[in-house]
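Residue strings, one per chain:
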Amino acid sequence: MIRRVLLSSLFVPRGRISVVSIRSFTATPDAARNSNGNHNNNYNNDNNTNQQWMIQQFGCTKAKIERQLTKNALNKIYPVTLKERVNWLQQRLGLKEEELKKLLQNHPFILKYQSKENLEPTLTYLQDRLSLDDSELLRLVQRAPPILGLSEDKLQHKIQYLKEQLNSNYEVIGKLLVRAPTILQMNLESNLKHKLEFIKTRLDLDQKQLADLIGKAPSILNMSIENKIAPVLYWFQQRLGLTDQQLSKIVSKSPTMLNKKQSNLAPLLDWFEERLLMKTEDSPSELATLIENHPPLLGLSIESNLELKLDFCINILKEHNNTTISDDYQSSTKDSPLLRTNLCLTGDKNKSAANDNNNNEAQAVALLKKNPRILSASLEKRLKLRLEEAQNAGIVINQQTLLRMAKLTNDKWKVSLKFQSQKQKGTDCKNS
């Protein structure tokens, strides 16, 4: 490598110190040989080489690469240097070929930073300070590449602020940032501090409550207060007639509700009123109580979750309708003229198929109204699987069985399965 120094002296009067401007850069031998009268040609050749190589390497269009070369000054970097930076980045982060291609295709600006002088200090600081392993560091960079352009000083101030506000250690903050690394891209004063203070004040949270909420859903810090968080909180509180304390309790238990739009929450609340609570004049207060006691319900989908589980419960009661009508069921129909009209509660053996269906649906609704946790259980991995296990064990399928299927842990379910199976065998022996 040849070191070339250009001196441009300024003419100054005698007796004054002359000012010398020095510009130094490292050039390849080929660049040095071409510097006499051929500088522009060499620059254009390097630019074309970079362009062709990046098109081939990353699969971008020529127009996109030309914009990126100019925007990020990559056309001023010698081809051999550009390739060295790519190789260094791949080895340092342990990137696979496709991961490298995707990263640099979308964020080629990374290559304008020098590997050892710029990128290595940033990566080392993040990994050491936040106790990240290699895979966590990789996820952090992949999800928020712009953080590679931040100075260690800026990163340090943001991380320290989070640590103090959430009263956590660096390792916990590290886990949080791996899940929502774009937090590090925020302006500390005008963005991050503003959001944390708003959430804390609006929901009247103490430090521990704030830490728990952000720990559950750190991505809410990426949302706009004016366009997202504040409007959703206001609408939700008005829709359910919640007190500030009720609102705080619901959001604290299920902060991911803030990810939802009003257009998604509105039909969800309508479904609970119409399908689960059999909407009456008291429905608003009933709905508020339901959501306050079971906030995770706000994270469920109507089509792919709620309706399917309601149908599942109806079908179970239809196929195994060998129990008397429960007190919950009778209570749910007591004040409903519509249900009293449609349901046959007299035990008439000749009741119609339509009334049978209404009967089963009303029982399922009553069961879910009193035990909404059933709606949060996985349909495929828990309810259907345990139904098959209960049937294979010869257990009578009724409402109590369904409750155990939904609520019990795996260990308790196994114990219950064995106990209920032995109990059923004893009952069968007595009846025989």
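Because the structure is predicted, anything quoted here is derived from the model rather than measured. (Residues numbered from 1 in each chain as written. Predicted model: local features only at pLDDT ≥ 70, side-chain atom pairs only at ≥ 80, totals over all residues. Heavy atoms only, no water.)

A. Inspection of the nonpolar core at higher detail. With 112 residues, the main nonpolar core has Leu-126, Leu-177, Ile-199, Ile-214, Phe-236 and Phe-272 as its most contacted residues. The biggest single contributor to this core is helix 16 (residues 302-319), with 8 residues. Sequence-distant contacts of Ile-199, defined by excluding residues within four places in its chain, comprise Leu-205, Leu-210, Leu-213, Ile-214, Ile-220, Leu-221 and Ile-229. (Core = buried A, V, L, I, M, F, W, Y, C linked by side-chain atoms within 4.5 Å. Buried < 20%, exposed > 50% of the residue type's maximum accessible area, 1.4 Å probe, protein only. Helix = DSSP H or I, 4+ residues; strand = E, 2+ residues; numbered from the N terminus. Contact = heavy atoms within 4.5 Å.)

B. A look at helix 16. With 18 residues, helix 16 should reach 26 Å at 1.5 Å per residue; the first-to-last C-alpha distance of 24 Å fits that figure. Those residues of helix 16 that fall on the buried side of the exposure criterion are Ile-302, Asn-305, Leu-306, Lys-309, Leu-310, Phe-312, Cys-313, Ile-314, Ile-316 and Leu-317. (Expected span 1.5 Å × (residues − 1).)

C. Spotlight on the packing of aromatic side chains. Inspection of every chain in the model, using the stated rule, returns 2 aromatic pairs. Centre to centre, the rings of Phe-109 and Tyr-113 are 6.5 Å apart; their planes meet at 90°, and the pair counts as edge-to-face. With respect to class, Phe-109 is no different from Tyr-113; both count as buried. Over the face of the ring belonging to Tyr-170 we find Arg-129, whose NZ or CZ atom lies 4.1 Å from the ring centre. Sitting above the plane of the Tyr-170 ring, Lys-163 keeps its charged end 5.2 Å from the centroid. (Phe/Tyr/Trp six-rings, centres within 6.5 Å; stacked < 30°, edge-to-face > 60°. Lys NZ or Arg CZ within 6 Å of the ring centre and 35° of its normal.)

D. The arrangement of the pattern of salt bridges in detail. On inspection of all chains with the given rule, the structure shows 11 salt bridges. One salt bridge connects Glu-120 with Arg-92, and the closest N-O pair in it is separated by 2.9 Å. With Glu-120 in helix 6 (residues 115-129) and Arg-92 in helix 4 (residues 79-93), the pair connects residues that are 28 residues apart, well separated along the chain. Residue Glu-120 is classed as partly exposed on the basis of its relative accessible area, which comes to 22%. It is possible to trace a salt-bridge network through shared partners that takes in Arg-239, Asp-270 and Glu-273. (Salt bridge = Lys/Arg side-chain N within 4 Å of Asp/Glu carboxyl O.)

E. Looking closely at the side chain of Arg-386. Residue placement: Arg-386 occurs in helix 20 (residues 379-392). Buried and unpaired, Arg-386 has Glu-389 as its nearest opposite-charge partner, separated by 5.3 Å. A polar contact of 2.9 Å, which involves the side chain of Arg-386, links it to the backbone oxygen of Met-405. Reaching out from Arg-386, the side chain makes a polar contact with the side chain of Asn-410 at a distance of 2.9 Å. Ignoring anything within four residues of it in the chain, the contact list for Arg-386 reads Arg-404, Met-405, Leu-408, Thr-409, Asn-410 and Trp-413. (Lys, Arg positive; Asp, Glu negative; His and termini not counted. Polar contact = N/O pair within 3.5 Å; in protein donor to acceptor, adjacent residues only side chain to side chain.)

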